[in-house]
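Notes for the structure review
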Amino acid sequence: VETLMGLEIPERAEYLRVITMELNRIASHLVWFGTFLLDLGAMSPFLFAFRDREMILNLLNEISGGRLTYNYMRIGGVKWDAPDGWIEKVKSFIPYMRNQLEDYHNLVSGNEIFLNRVKGVGRYDAQTAIAYSLSGANLRCTGVKWDLRKDEPYSIYDRFDFDVPVETDGDVYARYKVRFAEMEESLKILEQAVEQIPSEGPVMAKVPRIPRPPEGETYVRIESPRGEIGCHIISKGKPQPYRIKFRRPSFYNLQILPKLLEGENIANLIAILGGIDIVLGEVDG
């Protein structure tokens with residue numbers, strides 16, 4: 001809608017968007033990490049991951065008023081400004097989370113039982129990933145360095161110095177390593193964003209109470225924790241869209257599952273499905 005209307009988003013709102021999006025990316029990967037290890041039979045990583053995710057949920061709850069469905073962004077900006085002291089809380093969270101990621105590595109990444117469950121399992125190459133239209137870690141685990149925040153920058157992502165983690169083995173372990181590295185890169189972005197954010201300023205552009213984008217159509221996409229989320233929208237100049245269609249990454253990423261399960265056993269099914277990292281709400285028709 002902002003693209004159709006040609007809206008210019010206020011500077012402070014852009015920074016608040018990036019900060020909340022990257023906090024959410026880490027929280028999302030923590031859910032994946034905890035539940036993935038739980039599915040493989042490890043209880044402790046689940047408890048640690050959800051403990052740390054709770055700290056992020058508290059931050060998002062404080063700024064948005066919601067714990068699960070945050071509902072913070074608005075057409076033209078964000079719902080309201082960050083409360084007093086909120087940016088400082090994010091600043092203090094960053095070094096804490098870095099230490100936790102190191103502890104996770106010490107607990108899980110070198111564990112012999114874990115490595116036997118994930119190394120060489122559910123392997124595919126870059127050509128297959130592209131043929132199945134995979135995105136996110138499911139694509140980058142095959143050596144394809146593609147991230148919309150870098151390759152087609154939106155919002156203010158072009159202002160930040162961060163890397164796009166890739167692995168080349170294309171197995172469950174490669175996807176695990178990519179997501180871990182992505183959390184570290186998100187912390188880099190957060191560190192820069194909380195330092196650069198303007199101390200004051202508007203958080204909403206001048207938008208009519210009932211937006212009526214001009215006639216036209218557009219496709220806009222962003223890099224979600226699970227890959228590319230795209231929105232194709234057609235406007236006829238009315239308050240309601242004439243047509244709207246979302247591209248949901250989990251729906252596409254899941255399509256490769258039957259191919260990966262050929263000749264596999266049930267134990268590897270659990271590891272392969274967990275390694276894909278889906279949200280069922282994106283898969284429902």
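Residues numbered from 1 in each chain as written. Predicted model: local features only at pLDDT ≥ 70, side-chain atom pairs only at ≥ 80, totals over all residues. Heavy atoms only, no water.

So, about helix α12 (residues 266–276). Two residues of an α-helix separated by three or four positions point the same way, owing to the 3.6 residues in each turn. Inspection of α12 places Asn268, Ala271, Ile272, Gly274, Gly275 and Ile276 among the buried residues, and these make up the whole buried set. Residues of α12 that are buried in the fold lie against α2 (11–39), α5 (112–118), α7 (137–140), α9 (172–196), α10 (249–253) and α11 (257–260). Its side-chain oxygen 3.3 Å from the backbone nitrogen of Ala267, Asn265 forms the N-cap of α12. Just downstream of α12 lies Asp277, where phi reads positive at about 65 degrees. (Buried < 20%, exposed > 50% of the residue type's maximum accessible area, 1.4 Å probe, protein only. Helix = DSSP H or I, 4+ residues; strand = E, 2+ residues; numbered from the N terminus. Contact = heavy atoms within 4.5 Å. Polar contact = N/O pair within 3.5 Å; in protein donor to acceptor, adjacent residues only side chain to side chain.)

Turning our eyes to something else, we now look at the nonpolar core. As a rule of thumb, soluble globular proteins bury nonpolar side chains together. Core analysis: the biggest nonpolar cluster contains 72 residues, and Leu16, Ile19, Leu23 and Trp86 have the highest contact counts within it. Of all elements in the fold, only α2, α3 (44–64), α4 (86–109), α5, α7, α9, α11 and α12 reach the threshold of two or more residues within this core. A total of 14 residues in this core trace back to one element, the largest contributor, which is α2. Not counting residues up to four positions away in its chain, the partners in contact with Leu16 are Ile63, Tyr72, Val78, Asp81, Ala82, Trp86, Ile87, Ile197 and Val203. (Core = buried A, V, L, I, M, F, W, Y, C linked by side-chain atoms within 4.5 Å.)

The next subject is a nonpolar patch on the surface. Side chains of Leu38, Met43, Leu47, Phe48 and Leu107 sit close together on the surface and give an oily, nonpolar patch of about 420 Å² of accessible area. Take Leu38: it is sitting in helix α2. (Patch = residues over 30% accessible without salt bridge, like charges linked within 9 Å, V, L, I, M, F, W, Y side chains within 5 Å. Areas by Shrake-Rupley, 256 points an atom, 1.4 Å probe, with all protein chains shown as cover. Salt bridge = Lys/Arg side-chain N within 4 Å of Asp/Glu carboxyl O.)

In total, this model carries 22 salt bridges according to the counting rule given. With a closest N to O distance of 3.0 Å, Glu54 and Arg67 form a salt bridge. Of the two residues, Glu54 sits in helix α3 while Arg67 sits in the loop between α3 and β1 (73–74), which places them 13 residues apart along the sequence. Residue classification places Arg67 among the partly exposed positions, given a relative accessible area of 38%.

Moving on to the side chain of Gln192. As for its position among the elements, Gln192 is in helix α9. Here the side chain of Gln192 touches Lys188 through a polar contact of 3.1 Å, landing on its backbone oxygen. Setting aside anything within four residues of it in sequence, one finds Gln192 in contact with Arg159, Phe160 and Asp161.

As a further point, take the packing of α2 against α12. At a minimum axis separation of 9 Å, α2 and α12 run at an interaxial angle of 175 degrees. The angle between α2 and α12 falls in the class roughly antiparallel. Here α2 contributes Trp32, Phe36 and Asp39 to the contact with α12, which in turn contributes Ile270, Ala271, Gly274 and Gly275. (Axes fitted to C-alpha atoms, helices over the stretch in contact; angles between N-to-C directions. Parallel < 35°, antiparallel > 145°, perpendicular 65-115°, else oblique.)

Here we come to the sheet that holds strand β5 (residues 243–247). Hydrogen bonds between backbone atoms are what pair the strands of a sheet, whose relative direction is either parallel or antiparallel. Strand order across the open sheet formed by three strands is β3-β4-β5, with antiparallel pairing between neighbours. Looking at strand neighbours, the two that pair on one side only are β3 (216–224) and β5, the edges of this open sheet. Direction aside, the axes of adjacent strands within the sheet are offset by 10 degrees on average. Note: β3 against strand β4 (residues 227–235), nine bridges, orientation antiparallel. (Pairing = 2+ DSSP bridges.)

A word on α9. In a regular helix each residue adds 1.5 Å, so 25 residues correspond to 36 Å; α9 covers 36 Å between its end C-alpha atoms and thus fits that length. With respect to burial, α9 is a largely interior element, 18 of its 25 residues being buried. (Expected span 1.5 Å × (residues − 1).)

Here the focus is the packing of aromatic side chains. Applying the stated criterion across every chain yields a total of 19 aromatic pairs. With a centroid separation of 6.3 Å and 40 degrees between ring planes, the pair formed by Phe93 and Tyr96 is classed as tilted. Here the residue Phe93 and the residue Tyr96 both occupy positions in helix α4, the gap between them amounting to three residues, near one helical turn. Ring geometry for Tyr173 versus Tyr176: centroids 6.0 Å apart, planes at 15 degrees, classification stacked. Note that Tyr173 and Tyr176 are positioned in helix α9 at a spacing of three residues, about one turn of the helix. For the pair formed by Tyr173 and Tyr176, the shared burial category is buried. (Phe/Tyr/Trp six-rings, centres within 6.5 Å; stacked < 30°, edge-to-face > 60°.)

A few words on the pairing of β4. With seven of its nine residues buried, β4 lies for the most part within the structure. Between the antiparallel neighbours β3 and β4 lie two residues. Two strands pair when backbone bridges link them, and β4 and β5 are joined in this way by five bridges, in the antiparallel orientation. Within β5, the residue paired with Ile233 across the bridge is Ile244.

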